Each structure stands twice: as structure tokens, then as C-alpha cells.
Amino acid sequence: MASFILNLVNNMLNRVKLALDSPSAGAVVFGVHISGHLFVEVLLLVVILFLLSQKSYKPPKRPLTKKEIDELCDEWVPESLIPPITEEVQCEPPVLESAAGPHTIISGKEVVNFASANYLGLIGHEKLLESCTSALEKYGVGSCGPRGFYGTIDVHLDCEARIAKFLGTPDSILYSYGLSTMFSAIPCFCKKGDLIVADEGVHWGIQNGLYLSRSTVVYFKHNDMDSLRNTLERVTADNKRAKKLRRYIVVEAVYQNSGQIAPLDELIRLKEKYRFRVFLDESNSFGVLGRSGRGLTEHCGVPVDKIDIVTAAMGHALATEGGFCTGSARVVDHQRLSSSGYVFSASLPPYLASAAITAIDVLEENPDLITKLKKNTAILRTGLSDIHGLSIASNPESPIVFLILEKSTGSMKNDLQLLEDIADRALKEDSVFVVTSKRSMLDKCRLPVGIRLFVSAAHSEADLVKACESLKRISAVVLRDHN
């Protein structure tokens, strides 16, 4: 059957070929002989052009009936503006009913507070309250304008000068919000095409600044100088244009997500060897580290001019709000024109700037606050050194005592649930207020989660002993039940 059909097709093709090749299939136009093949091809071309020139068929337009409109409305499902809120995202943190000092009120009950970064115990300090009161009477509450648009008040300039004098830098610049300092200063200096090498454990404010900069970001292992050295070697060797790019190393002095302290002396050696600039966030070290509280540079004996850009939030040791960036005059002046958080945000309320000045004065007049803070940190670490199922991951000099599970469950979600159970029971049963390092959906940090205790110079020894006994007892019960 197949052979019959094949023979039939071949016979038809042969007949068409003979018809086209025969003399009668040709034509003479203006003395030019046109074969049958050429005639058919021209005819096909004319037909194709004709079809292409025709308008496509469209059904006649008519308005939708009310029934059709209702059906379309019933079928339409709007796209969600936010991702679905899962059970682990939902949380109701405790509400404080008094000042966030070493002791606070939660649900009408007094608790020992280890959840607030009140390192020097200046919250509620008499001199700060007097300073704020006099500033409120003189300037009012807000400034009602950015610094460049009639929002600059003399107390802002005084505060900038006071910070620069305290740290020994040429100049400094104030921001009205602590986090905006980090995610405004980084994009101010780092642009698309620049190269940033950052620690994988930096907090969300820095992560957001890295994202907004649109720079090429490479992460190194948390607080690991060997990893940093290998990363710097790799990125400079692989990128032939590296020497022509602006290059930065971004680290924290005291890491909020682990309590570790950056080894600044080694970091400076690598910076100078590979010709990078250093961006250092001193939010948890300013007023804490060093003999006089001048931060990591004093703690490590490194001249502050070795650091290109220093930022810090003032909501921790200084017990006020806002942030600052300090460095050379060129570094500061550039931000006054190009930093979004400075240019477009209303300036820091004057009473907060006045409180920051007073807090620095109190720190200089009372260096024993730093001594007391170190003593309290040592007492708490000693008391928690043998805690069941948990280990201390933070640096001995850090004011953040960070507890992590000795044996992870293998899931960050499950680890966090265990730690939250411990924190919740400590608050309910023993009135000890501690928090876990729970992170938002936007936070890309992948360090182990833990229980974070902020030590204060205002804590008494009884407060520290109470926290140790509570956490040791409850962690033993919770982790034993889990196992």
C-alpha cells in the first residue's frame, strides 16, 4: 500500500514538472522569455503581499453586558501587596509601661531588663532629663525641616562638634534616625560598579545600605580574617579592573548578631595591603569599648584616622536617638550634599541633640561607668558559663552576651522556637526580660540565632545573679523536655 502511494506521488510530481518545463508553460513579456517556474513564484509573491496588506479580522466591538461584568468581577483576584503572613512571622512583643532602664514594667509587673541596649545606664539620668527639658523650653519639640532647608539649629552644630572632639576626628555629621545613618552613608559613597567586601554577619541596616548602593557585594565568613584575606585576594586577582574601582570593607565593631568584636588591627593590615577603604559601624561599641569609651579604635590601639568612615547609632550607650558619621572634612561634606537620610529627612529634634551632648559629658566625667559595665559583663558570663545546652558565642569584652544552642536542631525555625520558649518562661516565671535574635523576612543574615542579653552598668549584682539562675533552670527544663 505504501509503495503504491509513493509511486502515485512521484507520477504527479513528474507530470507537474513536465507541464512547467513544456514550451507552452512559458511566456514572452517585452521580448523576455519567462519560464513556468518563475511565473508561479511571482504569482505566489503577489498573493503573499496581498494577504499581508489586508487588515486582520476583528470581531465587532460591543459593550459588555451587566452580567458579563459581574462574572469578570467575581473571577478577579487582586494580587497581594505583601507576602502572606505565616504563623512564625506573627508575634506580639511585650509592651513596656515605663522607661527601658535596668528595671521596667511589663503587664503591671516589674521585671529585670536585659532587652534594652542601655549600656551605660543613662536612661532616666537626671542630667539628661534636665538637658532635654531646657532644650524643649528653648526650641520646642521638632525642627520641621531637613538640615539644608532651615532645619539646622545651633544645637545640631554643637553636637557634631562635640562628637568630633570626643573621637578626635576633624568633623562629624548628624542623622535623625540611627538606622538611616547606615543605609544612607553607604550608598552615599558606594555606587553601581564599586566593589564591597562585607562580613556575612552585619545587621539589617548595613544590609539595606549595601542593597541600595547597587555595588558588587562579596561576603566573607563572619569575623574570619583568613576568609577576608582570601576574599580580597580573589576579588582583586579575578577582576582586572579592581585597581580602578572604589573598594570598601564593611564591618561592625561589635556585631549585633553574635556579640563578636572585629579584630581591627588585622583588618587595617589587610586594608593597607590590598588598598581598600574601611567602613566601620560602632553602634554597639561607642561609649563602651576602650579606656574612655571611644570605641574599637581605642580598644585596639588603632589611630582613628586609619578608618575612612565611622558610623554609630546614638540610641544605645548615649540613651538618646539618631546617629552620626565621623571622619575627614571631605567625608562629612560629601554627605551634606549626597546622603539621602541627611538631605531629605527632618533634622534630629533639638532636645535629642542636647541629650547626646550631655551624655558624652557624663561619660567623660564618669569613666567608672565603663569599668562597672565590664565588671557586670564578667559576672554575667561567669554565671552562665556552665548553662545546660547553651554556650556563650560572644567576645568576653562585648556588652552583648550571646547564647546559642550547643546542638542545633538542624532548622533555624526550630532553634528559634526553643530559644523563644526559654525567653518567654524567664519573663513569666522569674520576671527576667531577655530577647532572642529573631530576624525579619528582609534580614539575610544566616548566623545561628540565639538569646541576646544587653548588659548595663546600671544592673546590680543581684540582677545578674537572678538572670543567671533563671536561665540555667529554665534552659535545663526546656532542652531536657525537647531531647
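Structural data are supplied above this passage.
Residues numbered from 1 in each chain as written. Predicted model: local features only at pLDDT ≥ 70, side-chain atom pairs only at ≥ 80, totals over all residues. Heavy atoms only, no water.

A. Structural view of the overall build of the protein. Along its length, the protein carries 17 helices and 16 strands. For the protein, with 483 residues in total, the buried portion stands at 46%. Surface summary for the protein: the accessible area is close to 26200 Å², and the carbon and sulfur share equals 58%. (Helix = DSSP H or I, 4+ residues; strand = E, 2+ residues; numbered from the N terminus. Buried < 20%, exposed > 50% of the residue type's maximum accessible area, 1.4 Å probe, protein only. Areas by Shrake-Rupley, 256 points an atom, 1.4 Å probe, with all protein chains shown as cover.)

B. Geometry of the packing of helix H4 (residues 126–139) against helix H14 (residues 350–365). The geometry of H4 relative to H14 is characterised by a closest axis approach of 8 Å and an angle of 150° between their N-to-C directions. It follows that H4 is roughly antiparallel to H14 by the angle criterion. Considering the relative orientation of H4 and H14, their crossing is right-handed. On the side of H4, the interface is formed by Lys-127, Leu-128, Ser-131, Cys-132, Ala-135, Leu-136 and Tyr-139, while H14 contributes Pro-350, Tyr-351, Ser-354, Ala-355, Thr-358, Ala-359, Val-362 and Glu-365. (Axes fitted to C-alpha atoms, helices over the stretch in contact; angles between N-to-C directions. Parallel < 35°, antiparallel > 145°, perpendicular 65-115°, else oblique. Left-handed = near helix turned anticlockwise from the far one by under 90°. Contact = heavy atoms within 4.5 Å.)

C. Inspection of the environment of Glu-137 at higher detail. Mapped onto the elements, Glu-137 comes out in helix H4. Along the backbone, Glu-137 and Tyr-351 are 214 residues apart, and their C-alpha atoms lie at a distance of 9.3 Å.

D. Structural context of the sheet that holds strand E12 (residues 390–392). Overall, antiparallel pairing links the 4 strands, which are arranged E12-E13-E16-E15 in an open sheet. The open sheet has two edge strands with one neighbour each: E12 and strand E15 (435–436). Pairing analysis gives 2 bridges linking E15 to strand E16 (residues 451–454), with the strands arranged antiparallel. If you follow Thr-436 over to E16, its bridge partner there is Ile-451. (Pairing = 2+ DSSP bridges.)

E. Expanded view of a nonpolar patch on the surface. A grouping of Leu-43, Val-47, Phe-50 and Leu-51 is seen on the molecular surface, where their side chains present a nonpolar patch of about 400 Å² in accessible area. Looking at the secondary structure, you find Phe-50 in helix H2 (residues 36–53). (Patch = residues over 30% accessible without salt bridge, like charges linked within 9 Å, V, L, I, M, F, W, Y side chains within 5 Å. Salt bridge = Lys/Arg side-chain N within 4 Å of Asp/Glu carboxyl O.)

F. Region of interest: the packing of aromatic side chains. One pass over the structure, following the stated rule, counts 5 aromatic pairs. Taken together, a centroid distance of 6.4 Å and an interplanar angle of 75° make the contact between Tyr-175 and Tyr-342 edge-to-face. In this pair, Tyr-175 sits in strand E5 (residues 171–175) while Tyr-342 sits in helix H13 (residues 340–343), placing the two residues 167 residues apart along the sequence. Residue Tyr-175 shares its accessibility class with Tyr-342, and that shared class is buried. Consider the rings of Phe-183 and Trp-204, whose centres lie 6.1 Å apart with planes at 70°: the pair is edge-to-face. Of this pair, Phe-183 sits in helix H7 (residues 178–189) while Trp-204 sits in helix H8 (residues 204–213); the two residues are 21 residues apart in sequence, bridging distant segments of the chain. Look at Trp-204 and you get partly exposed, because its relative accessible area is 27%. (Phe/Tyr/Trp six-rings, centres within 6.5 Å; stacked < 30°, edge-to-face > 60°.)

G. Structural context of the nonpolar core. Formed by 115 residues in total, the largest nonpolar core has its most connected members in Phe-114, Leu-228, Leu-380, Leu-453 and Leu-471. At 8 residues, the largest contribution of residues to this core is made by H14. Leu-453 has contacts with Phe-114, Leu-380, Pro-399, Ile-400, Val-401, Leu-403, Val-434 and Leu-471, leaving out every residue within four places of it along the chain. Ranked by size, the runner-up nonpolar core spans 5 residues in total, among them Ile-106, Val-111, Ala-115 and Phe-433. (Core = buried A, V, L, I, M, F, W, Y, C linked by side-chain atoms within 4.5 Å.)

H. Broad picture of the side chain of Ser-475. Of note, Ser-475 is situated in helix H17 (residues 461–482). In terms of polar contacts, Ser-475 uses its side chain to reach the backbone carbonyl oxygen of Leu-471, at 2.7 Å. What Ser-475 contacts, discounting residues up to four positions off in sequence, is Ile-387, His-388, Leu-390, Ile-422 and Arg-480. (Polar contact = N/O pair within 3.5 Å; in protein donor to acceptor, adjacent residues only side chain to side chain.)

I. Spotlight on the side chain of Ser-116. Within the fold, Ser-116 resides in the loop between strand E4 (109–113) and H4. At 2.9 Å, the side chain of Ser-116 and the side chain of Asn-113 are in polar contact. When residues no more than four places from it in sequence are discounted, the contact partners of Ser-116 are Ala-100 and Phe-454.

J. Spatial organisation of the sheet that holds E5. Pairing is mixed across the open sheet formed by 7 strands, whose spatial order is E5-E11-E10-E9-E8-E6-E7. Each end of this open sheet is capped by a strand with a single partner; those strands are E5 and strand E7 (216–220). Across this sheet, the average inter-strand angle for adjacent strands is 20°, counted without regard to direction. Pairing between strand E9 (residues 277–281) and strand E10 (residues 309–313): 3 bridges, direction parallel. Each residue of the ladder has a partner; that of Asp-281, found in E10, is Thr-311. Together, strand E6 (195–199), E7 and strand E8 (247–252) form the strand contacts of helix H9 (residues 225–238), whose direction differs from that of E7 by roughly 145°.

K. Structural view of the pairing of E9. In terms of burial, E9 is largely enclosed, as 4 of its 5 residues are buried. Relative to E9, E8 is paired through 5 bridges, and the arrangement is parallel. Across the sheet, the residue bridging to Ile-249 is Val-278, located in E9. As for the winding sense of the linkage, the β-α-β connection from E8 through helix H10 (residues 264–274) to E9 is right-handed. (Right-handed = clockwise from strand over helix to strand, strands pointing away.)

L. Seen up close, the pairing of E5. For E5, a buried count of 4 out of 5 residues is recorded, marking the element as mostly surrounded by other parts of the structure. As paired strands, E5 and strand E11 (residues 323–327) are joined by 5 bridges and run antiparallel to one another. From the neighbouring strand, Tyr-175 faces E11, where its bridge partner is Gly-323.

M. Quick peek at the environment of Ile-422. On the secondary structure map, Ile-422 appears in helix H16 (residues 412–430). The exposure class of Ile-422 is buried, given its relative accessible area of 0%. C-alpha of Ile-422 to C-alpha of Arg-473: the two residues are 51 residues apart in sequence and 9.6 Å apart in space.

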